[in-house]
Amino acid sequence: MRHRQLRRQLLTAAIAVTGAALVLTGCAGPAATPTPDADATLRVGLVLEPSDLNIRTTSGAALDQILIDNVYQGLVSRTEDNQIVDTLAKSHDISADGLTYTFVLRDGVTFHDGAALTAADVVDSIAQVQQDPTFVDNVALQKVASITAVDDSTVQLQLTSPDSNLLWTLTGRAGLVLESGATNDLSTTANGTGPFILKTWKQGDSITFDRNAKYWGDAPKVKEVVFSYIPDASSAVNATLAGELDVQTALDANLKDQITRADGFSITEGKTTDKYTLAFNNQRAPLNDPLVRQALRSAIDHAAIVEAVGGAAVEQYGPIPELDPGYENLSELVKYDPEQAKALLAQAGQENLSLTLTIPSFYGTSVANVLVSEFKAIGVTLTVKSVEFPTWLNDVYTNKDYDLSYVNHVEARDFQNWANPNYYFGYDNAQVQSLYAESVAATDPAVAAQKLKEAAYLVSKDNAADWLYTAITLTVVRDGVTGFPVDSVNSRINLAKVAVTG
């Protein structure tokens, strides 16, 4: 830190001398553009550390956040504003009937171990996901009938029926291309085609990437990236102020003033599809009773929730956020009305109801405390059970052993979870499932969005959960760092354009 301050002081002095000389000679010139340091290390603070690096079988956004785009790539990918672009494919074509997708591969792409990308790698990668139900996003490929290599550089997917989500699906885990026959341990290593190479993982501390010197695209502008995992919000701010981080993601809005009072930092505010969802276990009594679910939603003051998170949020009343197809403002379906909540509980025959809220520990207590207070006001005792994230994944996500849970669903366009009765929400509505199927089958995007809107209306009307808010992401960026993503609408951080100049 002292070295950086001294360097800045010397640079400031040099600029002052140069400026004085220009004034004395009557000359002037354009300001010099800082040159990126090609040998720089970018230090990024994150909240949630992966429990395992296996991108095929390990759920959770922590893997998508750092590995997709940076280490692993697919035929297509998403931009920061959620546009689909060709990546390992240099072009793609969709037949008029929506049943045949043809991709032509780029030339000169290699995996990190030096092996050349082939059509066989693509076929094998997508087929593995399509055929193995233990792989993340396996269900999303069930309309794929066949995956074939037309020739060495062309891959074709044949569908049983149109799937309006397929191209989007291929921008995620289902479309990632891994080397066929590679024997590396996916739980601790990674062999992708991206601009960065996984160097080390110090579990409980950090993950380090190196620049891929043989990357097929534009070379990364930094030599190394170190992701430091700091789940405690105050500790993350302290690390930033101490000069230990160049970028701090997910700044707690309640701590924003500590950053704004310091010199040398800026805070960006970005849009997200982060849906902070209060999940109800729809398969467990008494939450399988629609009246109980409606009562709990009526007890929640969403404005108080937004205030509790420092205002870095917008209220959301349905399963689809504003940036996704099918969004509709559904605030009319639920009103903050504690008296109505009490009446609904009485109608449901519930008295002195006690429930448990299971949350990952890194979410803190702000929102949970509001919920405890608001539920107490209607005669419901809410016990908060704070657990480590691996425990949450096992108990809540996998085993569905919970009453209520509060977690951020970051992935864009994930409505399919409400059409899947086996998902941890346990929500089973045949009409919703039918509408979602119609949306998927639509070849017209407008029709697909309309069907999603109709389905989302039913989910919210059923009070299948409460959507507490959509987050506004706050990112702290040190002066001299450019190109770090502002918006966070697809749960991954693409570092290809990030540069460090000072």
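Residues numbered from 1 in each chain as written. Predicted model: local features only at pLDDT ≥ 70, side-chain atom pairs only at ≥ 80, totals over all residues. Heavy atoms only, no water.

In the annotation of an unreviewed UniProt entry, the protein chain is listed under the name Peptide/nickel transport system substrate-binding protein and assigned to Plantibacter cousiniae. The protein chain has a UniProt comment under Subcellular location (unreviewed entry) that states "Cell envelope". Regarding the protein chain, the relevant UniProt record gives this comment under Sequence similarities (unreviewed entry): "Belongs to the bacterial solute-binding protein 5 family." (UniProt positions renumbered as here; feature names shortened; annotations may be inferred.)

(A) Up close: the overall build of the protein chain. Helix and strand counts for the protein chain stand at 13 helices and 21 strands. In terms of overall dimensions, the protein chain is globule-like: its C-alpha atoms have a radius of gyration of 25 Å, near the 23 Å expected for 502 residues. Seen along its three principal axes, the alpha-carbon backbone of the protein chain occupies a region of about 85 × 60 × 40 Å. Residues classed as buried in the protein chain amount to 49% of the 502 residues present. (Helix = DSSP H or I, 4+ residues; strand = E, 2+ residues; numbered from the N terminus. Rg over C-alpha atoms; globule rule 2.2 N^0.38 Å. Buried < 20%, exposed > 50% of the residue type's maximum accessible area, 1.4 Å probe, protein only.)

(B) Main features of unusual backbone geometry. A cis geometry characterises the amide bond from Ala285 onward to Pro286, with omega recorded as 0 degrees. Here Pro286 is to be found in the loop between strand S13 (275-280) and helix H7 (290-298). Positive phi outside glycine occurs at Arg413, with the angle close to 50 degrees. Of note, the phi angle at Asn463 is positive, near 55 degrees, even though the residue is not glycine.

(C) Up close: the sheet that holds strand S6 (residues 144-151). Taken in spatial order, the 4 strands line up as S4-S5-S7-S6 in an open sheet, and their pairing is antiparallel. Looking at which strands have only one partner, the edges of the open sheet turn out to be strand S4 (89-94) and S6. Along the sheet, successive strands turn relative to each other by an average axial angle of 15 degrees, direction set aside. Across 6 bridges, the pairing between S6 and strand S7 (residues 154-159) is antiparallel. Bridge pairing in S7 links Ala149 to Val155. On the sheet, helix H3 (residues 119-131) packs against strand S5 (100-105), S6 and S7 and is oriented at approximately 170 degrees with respect to S6. (Pairing = 2+ DSSP bridges. Axes fitted to C-alpha atoms, helices over the stretch in contact; angles between N-to-C directions. Contact = heavy atoms within 4.5 Å.)

(D) Structural context of the UniProt feature "domain: Solute-binding protein family" (unreviewed entry) in the protein chain. Per the UniProt record, the feature "domain: Solute-binding protein family" (unreviewed entry) sits at residues 84-412. A distance of 13 Å separates the end C-alpha atoms of residues 84-412, which is 24% helix and 26% strand.

(E) Representation of the confidence of the model for the protein chain. Of the residues in the protein chain, 93% have a pLDDT of 70 or more, and the chain-wide mean is 92. A low-confidence stretch, residues 1-29 stays under pLDDT 50, and its non-local contacts, those more than four residues away or across chains, total 11 contacts. (pLDDT = per-residue confidence, 0-100.)

(F) Here's a closer look at the packing of H7 against helix H9 (residues 338-347). At a closest axis distance of 8 Å, the pairing of H7 and H9 adopts a crossing angle of 165 degrees. Taken together, the axes of H7 and H9 lie roughly antiparallel to each other. Crossing handedness for the pair H7 and H9: left-handed. When H7 is examined against H9, the residues Leu291, Gln294, Ala295 and Ser298 are found in contact with a partner set consisting of Pro338, Gln340, Ala341, Leu344, Leu345 and Gln347. Taken together, the residues of the contact of H7 with H9 sort by class into 6 nonpolar, 4 polar and no charged. (Parallel < 35°, antiparallel > 145°, perpendicular 65-115°, else oblique. Left-handed = near helix turned anticlockwise from the far one by under 90°. Nonpolar A, V, L, I, M, F, W, Y, C, P; charged D, E, K, R; others polar.)

(G) Structural context of the nonpolar core. Within the largest apolar cluster, 35 residues are counted, with the highest numbers of intra-cluster contacts made by Leu278, Leu296, Leu404 and Tyr469. Counting only elements with at least two residues in this core, the list comes to S13, H7, helix H8 (302-308), H9, strand S15 (354-360), helix H10 (366-376), strand S17 (404-409) and strand S18 (465-471). Examining the composition of this core, we find that 5 residues originate from one element, H10, more than from any other. Non-local contacts of Leu404, meaning those with residues more than four positions away in its chain, are made with Leu278, Ala279, Phe280, Leu287, Leu296, Leu355, Thr356, Leu357, Thr358, Phe375 and Leu382. The next biggest cluster of nonpolar side chains, apart from the first, holds 33 residues, and it includes Leu53, Tyr72, Val222 and Val225. (Core = buried A, V, L, I, M, F, W, Y, C linked by side-chain atoms within 4.5 Å.)

(H) How the structure looks around H10. Taken together, the buried positions of H10 are occupied by Val367, Ala368, Val370, Leu371, Glu374 and Phe375. Projected down its long axis, H10 shows its buried positions confined to an angular sector of 160 degrees, all on one face. (Arc of directions from axis to C-beta.)

(I) Summary view of the layout of surface pockets. Its boundaries defined by the atoms lining it, the second largest pocket holds a volume of some 700 Å³. In the lining of the second largest pocket, the residues fall into 8 nonpolar, 8 polar and 9 charged. (1 Å grid on protein atoms, 1.4 Å probe; cavity = no way out; pocket = protein on both sides within 12 Å on 5 of 7 lines; lining within 4 Å. Points joined across faces, edges and corners; volume = space filled by probe spheres on them.)

(J) Broad picture of the side chain of Arg478. With respect to the secondary-structure elements, Arg478 resides in strand S19 (residues 473-478). At 2.7 Å, the side chain of Arg478 and the side chain of Asp246 are in polar contact. (Polar contact = N/O pair within 3.5 Å; in protein donor to acceptor, adjacent residues only side chain to side chain.)

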